[in-house]
Amino acid sequence: MVRANGAVSLRELARVVQTSEVTVRRDVRALEAEGLLDRRHGGAVLPGGFTRESGFPQKSHLATAEKTAIADVAASLVEEGEAVVVGAGTTTQELARRLARVPGLTVVTNSLLVAQALAHANRVEVVMTGGTLRGSNYALVGSGAEQSLQGLRVSRAFLSGSGLTAERGLSTSNMLSASVDRALVQAAAEVVVLADHTKLGTDTMFQTVPTDVMTRLVTDEPPPHDDRAATELQALADQGVQITVAGAGAASGGADGMGARRPRRDTPLPVQRRGGPTAQLRSAPAGLLEQQAGERARVADMRRR
C-alpha cells in the first residue's frame with residue numbers, strides 16, 4: 001500500500017489487514033529498521049520523505065474521512081460575501097466543494113481542482129491566478145502565479161501542505177509550490193492551515209507558513225496511542241495557534257470501511273501559553289463522551305438514593 005500510494009495512515013493499514021493499530025505500528029517499526037519505509041506520526045511513507053511528494057491520485061485516497069471532517073469544519077468559518085484564497089491540495093479541494101454553498105463568496109485560487117469544484121456554484125466568483133501548470137497536483141506555479149497575487153487582500157487563506165511541525169510550521173516538498181503558497185499567505189489577514197493527523201510532526205523541505213503566522217489549525221483527532229501528535233498539537237497551541245479538532249472517527253467495521261462520525265466543533269479547553277495569555281485547544285470528542293457518561297451515572301445514583 002505504501003509503494004502504491006506513497007503514504008498511508010496507520011488507521012487505513014489496520015483496517016485493510018484487519019488488525020489493531022498497535023500491531024501495525026510494531027510492524028511498521030520493523031520495516032523502517034530494514035530501510036523499506038519511513039515512519040511518520042500516524043502513518044508511513046516511502047524513504048526520502050524530505051523531498052518525495054506523492055501525486056494527486058495517491059493523495060486523493062489517503063485519510064479521506066479525516067479530510068472530509070476537516071473540510072466541513074473549515075467551511076463553517078467562511079461567511080456570506082467573504083473573499084478568501086484557497087491553495088492547492090486534496091483537503092482544500094474538499095473544502096471547495098463545501099464553499100460552493102456559500103452565497104456571495106469570492107475565491108482566489110491557483111488550483112484547477114478548487115476552481116473545478118466551484119465552477120457551477122451559483123453566486124460564487126472564482127478568480128484564477130496566472131502561472132505554469134504543475135501536473136502532479138493540478139496547480140499553477142511560477143512567477144506568473146506569484147505576480148498575479150501582488151496587491152491582493154482577502155480575509156482568510158486556507159492552505160494545506162506535506163508536513164506540519166511546531167518548530168517550522170507548514171512545509172511542502174516542492175520549491176515552486178512553496179513560493180506560491182507564501183504569496184497566498186501574504187494576501188490574507190488570517191491564515192487557516194488544514195492538515196490531517198498524518199502530517200503532524202512531519203517536516204519537509206520548503207517552509208510555506210511559519211508557526212507565528214498561522215492563525216488557526218483545523219485537524220482531525222490523532223489515534224489514541226499517538227502521543228507525539230498530541231505533543232505537537234500542544235506545542236502549536238503554546239505558540240498561540242488556535243487548534244480545532246474535527247471528529248473524524250476511525251474507519252472501522254463494515255466491509256466498506258465507512259465508520260466515520262459526523263465532524264463537530266468541540267468545547268475549548270484552556271492551555272497555558274508560555275509567557276502569554278491562555279491559548280484555546282479544542283477537546284477531543286472522546287473526552288466529551290466520558291463527561292456525559294459521568295453525568296448519567298451521577299443522575300442514576302441520585303435516583304437510587
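In the block above lies the structure referred to throughout.
Below: a short report on this structure. Because the structure is predicted, anything quoted here is derived from the model rather than measured.

1. Observations regarding the sheet that holds strand β13 (residues 206–209)
Strand order across the open sheet formed by three strands is β10-β11-β13, with antiparallel pairing between neighbours. The open sheet has two edge strands with one neighbour each: β10 (163–165) and β13. If you compare each strand with its neighbour and ignore which way they point, the axes differ by 40° on average. Bridge count between β10 and strand β11 (residues 169–172): three bridges; the pairing is antiparallel. Paired with T165 across the strands is G169, a residue of β11. The strands touched by helix α9 (residues 175–186) are β11 and β13; relative to β13, the strand with the most contacts, the crossing angle is about 20°.

2. Things to note about the pairing of strand β4 (residues 83–86)
For β4 and strand β5 (residues 105–109), the ladder comprises four bridges, and the chain directions are parallel. Counted as the bridge partner of V86 is T109 from β5. In terms of handedness, the path from β4 via helix α6 (residues 90–99) over to β5 forms a crossover that is right-handed. Pairing analysis gives three bridges linking β4 to strand β9 (residues 154–159), with the strands arranged parallel. The residue of β9 that forms the bridge with V84 is R156.

3. Notes on the packing of helix α5 (residues 64–75) against α6
Running from amino to carboxyl end, α5 crosses α6 at an angle of 50°, the nearest separation of the two axes being 8 Å. With respect to their mutual orientation, α5 and α6 come out oblique. For the pair α5 and α6, the crossing hand works out as right-handed. Contacts between α5 and α6 pair K67, T68, I70, A71, D72, A74 and A75 from the former with T90, T91, E94, L95, R98 and L99 from the latter. Class assignment for the residues of the contact of α5 with α6 results in six nonpolar, three polar and four charged.

4. Details of the pattern of salt bridges
Any two side chains of opposite charge can pair, given that their charged atoms come close. For the coordinates displayed, the defined rule picks out six salt bridges. Ionic pairing is found between D72 and R98, a salt bridge with its closest N-O pair at 2.5 Å. Remark: R98 occurs in helix α6 and D72 occurs in helix α5; sequence separation between them is 26 residues. Judged by relative accessible area, which is 29%, D72 ranks as partly exposed. Exposure remark for R98: the relative accessible area of 13% places this residue in the buried category. Notably, a salt bridge pairs R156 with E82, separated by 2.3 Å at the nearest N-O pair. Residue R156 is located in strand β9, and its partner E82 is located in the loop between α5 and β4; the two are separated by 74 residues in the primary sequence. Put simply, D72, E94, R97 and R98 are held in one network by salt bridges that share partners.

The rules behind each value
For every chain, the first residue of the written sequence is number 1, and numbering continues from 1 onward in sequence order. Thresholds applied to this predicted model are a pLDDT of at least 70 for local features of residues and 80 or more for the giving and counting of side-chain atom pairs; totals over whole chains, interfaces and linings are not thresholded and use all residues. Hydrogens and water molecules were not included; the side-chain quantities draw on all heavy atoms of the structure. Two strands pair if DSSP finds at least two bridges between them. Strands here mean DSSP runs of E at least two residues long; helices mean DSSP runs of H or I at least four residues long; both are numbered from the N terminus. Angles here are taken between N-to-C directions and fall from 0 to 180 degrees, while the axes themselves are lines fitted to C-alpha atoms, restricted in helices to the stretch in contact. Working rule for contacts: check all heavy atoms of both residues, and any pair within 4.5 Å makes them a contact. The path from the first strand over the helix to the second decides the hand: if it runs clockwise while the strands point away from the viewer, the crossover is right-handed. Angle categories are assigned with fixed cut-offs, so that under 35 degrees is roughly parallel, over 145 is roughly antiparallel, 65 to 115 is roughly perpendicular, and the rest are oblique. Should the near helix be turned anticlockwise from the far one by less than a right angle, the crossing is left-handed, and should it be turned clockwise, the crossing is right-handed. Following the grouping adopted for this structure description, the nonpolar residues are Ala, Val, Leu, Ile, Met, Phe, Trp, Tyr, Cys and Pro, the charged ones are Asp, Glu, Lys and Arg, and the polar ones are all others, Gly among them. We count a salt bridge whenever a side-chain nitrogen from Lys or Arg sits within 4 Å of a carboxyl oxygen from Asp or Glu. Burial classes follow relative accessibility: with a 1.4 Å probe on protein chains only, a residue under 20% of its type's maximum area counts as buried, one over 50% as exposed, and anything between as partly exposed.

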